[in-house]
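Breakdown of the fold
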Amino acid sequence: MKIKISWGTAIIIAFALFMTFILYFVFKVQSDSKYDNELVIDEYYKQELKFENQMEREQNSLDLTEKVIIKSSSEGIEITFPKTIDFSMVKGKVSLYRPSNQKLDFEIPISLTNPHLLIPKSDLVDGRWDISLDWNYEGKEYLTKKTIYL
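Summary of the structure given here. The shown structure was predicted, so the numbers you read here are calculated from the model rather than taken from an experiment. (Residues numbered from 1 in each chain as written. Predicted model: local features only at pLDDT ≥ 70, side-chain atom pairs only at ≥ 80, totals over all residues. Heavy atoms only, no water.)

Below, the discussion takes up the pairing of strand β7 (residues 140–149). Working note: regular strand, side chains alternate between the two faces of the sheet. Sheet analysis places strand β6 (residues 128–137) next to β7, joined by 10 bridges and oriented antiparallel. When the bridges of β7 are listed, leucine 133 appears paired with threonine 144. In this antiparallel pair of consecutive strands, β6 and β7, the connection spans two residues, and glutamate 138 shows a positive phi of 55 degrees. (Pairing = 2+ DSSP bridges. Helix = DSSP H or I, 4+ residues; strand = E, 2+ residues; numbered from the N terminus.)

Structure, rendered in structure tokens:
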């Protein structure tokens, strides 16, 4: 005895099997505690406020008529502040983040005797550095970010 299935019936059976297969994995991931599928972080609103503050500080940097210049040189990483500000009143920190090796990350407090800050090449290894310049001047906060390859 030979059972003949029409193409329409075969499509419906294939569709049903596929949906069963997908639903099985959805229920397995939802019910198994080893899969952490929580998308919302703890203290979500605090994180959102930090992010808004960061965006505001970055916009303050973009609004400057003369921007902070971060560049690589033969001596290291040079950070030049605008000539229009009194460099002695700048406070903050420079964070250097090495994506490939967390042990190389470090921070330098900003203490200027001239409008230039040099991070010597001897303190750095070759490769990618993500630089975050978090500074304030006359009560206004700024955040300047740049990626540099040495």
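That shown, we press on.
All right, on to the pattern of salt bridges then. Once their charged atoms are close, side chains differing in charge can pair, the charge on each being opposite to the other. As enumerated under the stated definition, the model contains four salt bridges in all. A salt bridge links glutamate 58 to lysine 145; the shortest N-O distance between them is 3.9 Å. On the criterion of sequence distance, the pair formed by glutamate 58 in helix α2 (residues 44–63) and lysine 145 in strand β7 is long-range, its members being 87 residues apart. When the shortest N-O distance is used, the salt bridge between arginine 128 and aspartate 130 registers 3.0 Å. Taking relative accessible area as the criterion, aspartate 130 reaches 17% and is therefore assigned buried. (Salt bridge = Lys/Arg side-chain N within 4 Å of Asp/Glu carboxyl O. Buried < 20%, exposed > 50% of the residue type's maximum accessible area, 1.4 Å probe, protein only.)

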